[in-house]
Amino acid sequence: MTQLPATPSKKKLGLVIDLDICVGCHACVTSCKGWNTENYGAPLSDMDAYGADPSGTFLNRIHSFEVQPAEGPSQTIHFPKSCLHCEDAPCVTVCPTGASYKRAEDGIVLVNEDACIGCGLCAWACPYGARELDQAAGVMKKCTLCVDRIYNQNLPEEDRLPACVRTCPAGARHFGDLGDPDSDVSRLVAEREGMDLMPELGTKPVNKYLPPKPKDRPAAEPLSPIADLQATGLAGWLDRLLEKL
Amino acid sequence: MHPAPSVIVFTVLSGLGLGFLAYLGLGFLRPSGVYAFLIYGLAYGFAVAGLLASTLHLGNPQRALRAFTQWRTSWLSREAWTSVATLLVMAPAALLAIFAGFPSATFGFPGALLALATVFCTSMIYAQLKTVPRWNHWTTPALFLLFALTGGAILSAQAGLAAALCVLLGLLLIFSYRLGDGRFAERGSTMETATGLGRIGKVRLYEPPHTGTNYLMREMIHLVARKHSARLRVISVLFAAVLPAVTLLILPLSVATVALALAFHLIGAFAARWLFFAEAEHVVGLYYGAR
């Protein structure tokens, strides 16, 4: 049913992404594509993969932004983006077939691919570009929060995480229950002033982003010497000798 | 937004056909016999051709019947219901006109109401989207309904009424173009709010997620249009509103006059609808440093 759950679920599973830590390596993009191509639903297809104009379906993409403060040098911020599993998900209510739904038990937004007609309206309704119509299967694909991993009793416990979180080599991605104020992720959000993307659109995203921390020292000027080396001992004697020549 | 031909053809033709059905249902035109067969055939032809065109952009059209299930929340589902209901309710009216030779208010009035409700539902599919600020406004349903009513009036050979509606349509088009240009800024979404990085400073895209394109960019970021938009706006107002009104008022009313006015109107309607999509900017473009 494309009606949102009448009472919002207490459990709100989601991701917390630390923009201070993400190094933009795209490992989460690759692991996401790998897991979700082999598991839940239609594979994430690529079109013209080895040709002149390749494109493909991805559930997670990393944008890199440059932010210029009023004073001082700019900062580069790598910005992973996937479904935010919004509480007031506009992608769910627009669906004409009931394929798009939000789970009452844990708040995950999913697509029942057998009921999807591929009209694309949910992708239009999403402000975040979290949904992509697979060009081979003709059905809408989106982040499932690795619903086939997090409850999977056949996996070792440490693997019962979304593939992106499990893979992140920098530890920039966290998974947990954002509906529970005492969970690790909720505390992290409280400590670091976790934020919503495009709050003005009223979607109430569950996923939160932790803003980059303020720099504790000004960045070096471009092309300034990185260290002032004073050679001592034999090297120092050679240095002085060579200068005199 | 990508101006997909199937969606442009769908909205223009189904709007025209449904508008015409509304006038037939209300008895503005009271054809009978073979003439009624042709007239209703024309109205049904436009409406059905448009609705069929709408299935062309579906990824899995064989499941289209499922679109009838979610009328509680989805305007697309409501449109499915009202369009089928219109075609079914107007059918007895058409049959009575063809075989019995008299108009039927019993089926015609509800049919007319359903026809306009269908156009309204179609427009709300676009108008409901907060993500596309230009569409998310009362002018969207107003434009769709006025296009249907104007096209229907031209086809029903109501010269005076059609000319009056043309004037309204022209004014509304100009108003919506003017207003639409500022809607994105009014909504307040920027690269800063999209990334939450506005608290640090001004944001620009340093590197996109991939070197190629993707579904989102093809579907929602359309850049070619804006060069020609000024010219197309003039063309749309001229052809959709001014020329049909002048044609109907100056030339003696005949099938040829109506056909000429309709041809002008359709050219303008296609131009306006193309602009409706091509000029609409989706907020997701902000993540790609584009609009």
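Cut-offs and rules
- Residues numbered from 1 in each chain as written.
- Chains lettered and ligands numbered in written order.
- Predicted model: local features only at pLDDT ≥ 70, side-chain atom pairs only at ≥ 80, totals over all residues.
- Heavy atoms only, no water.
- Contact = heavy atoms within 4.5 Å.
- Buried area = accessible area lost by both parts, 1.4 Å probe.
- Salt bridge = Lys/Arg side-chain N within 4 Å of Asp/Glu carboxyl O.
- Polar contact = N/O pair within 3.5 Å; in protein donor to acceptor, adjacent residues only side chain to side chain.
- Domains from an automatic or database assignment.
- Helix = DSSP H or I, 4+ residues; strand = E, 2+ residues; numbered from the N terminus.
- Nonpolar A, V, L, I, M, F, W, Y, C, P; charged D, E, K, R; others polar.
- Buried < 20%, exposed > 50% of the residue type's maximum accessible area, 1.4 Å probe, protein only.
- Pairing = 2+ DSSP bridges.
- Axes fitted to C-alpha atoms, helices over the stretch in contact; angles between N-to-C directions.

1. What about the interface of chain B and chain A?
- Facing the 60 residues of chain B at the interface are 61 residues of chain A.
- If you sort the residues of chain B by the area they bury against chain A, B:Ile200, B:Tyr215 and B:Tyr287 come out on top, with a joint share of 14%.
- Across the contact surface, chain B and chain A share 1 salt bridge.
- Across the pair B:Arg204 and A:Glu66 runs a salt bridge, and its minimum N-O distance is 2.7 Å.
- Linking chain B with chain A are 25 residue pairs in polar contact (both at pLDDT 80 or more), by the criterion used here.

2. So, the domain arrangement of chain B
All names here are of chain B.
- When the domains of chain B are assigned, the result is domain 1 (1–128) and domain 2 (158–291).
- Each of domain 1 and domain 2 has a C-alpha centre, and the two are 24 Å apart.
- Taken together, the contact between domain 1 and domain 2 spans 13 residues of the former and 18 residues of the latter.
- Summing both sides of the interface, domain 1 and domain 2 together bury roughly 1,500 Å²; the carbon and sulfur share of this comes to 76%.
- Contact with domain 2 buries area across many residues of domain 1, yet Met-1, Pro-3 and Val-12 alone supply 42% of it, more than any other trio.
- Remark: the boundary between domain 1 and domain 2 carries 0 salt bridges.
- Joining domain 1 to domain 2, the criterion identifies 5 residue pairs in polar contact (both at pLDDT 80 or more).
- Among the elements that take part in the side of domain 1 that touches domain 2, helix α1 (residues 5–25) stands out by supplying 8 residues, more than any other.
- Of the residues belonging to the side of domain 1 that touches domain 2, the class tally is 11 nonpolar, 2 polar and no charged.

3. Considering the pattern of salt bridges
Residues and elements named next belong to chain A.
- Under the counting rule described, the total for this entry stands at 15 salt bridges over all chains.
- Between Glu-87 and Lys-12 there is a salt bridge whose closest N-O contact spans 3.5 Å. Here the residue Glu-87 occupies a position in the loop between β5 (75–82) and α2 (90–93), and Lys-12 occupies one in the segment before β1 (13–18), the gap between them amounting to 75 residues.
- Taking the relative accessible area as the measure of exposure, Glu-87 reaches 27% and is therefore partly exposed.

4. Observations regarding the sheet that holds strand β11 (residues 208–210) of chain A
All names here are of chain A.
- Here we have 3 strands laid out as an open sheet, ordered β10-β1-β11, and mixed in their pairing. Both outer strands of the open sheet, β10 (173–177) and β11, are each paired with one neighbouring strand and no more. Averaged over all neighbouring strand pairs, the angle between strand axes comes to 25°, with direction disregarded.
- Summarising the sheet, β1 and β10 pair through 5 bridges and their orientation is antiparallel. Bridge pairing links Leu-13 to Asp-177 in β10.
- Across the sheet, helix α6 (residues 184–192) touches β1, β10 and β11, and the angle it forms with β10 is around 120°.

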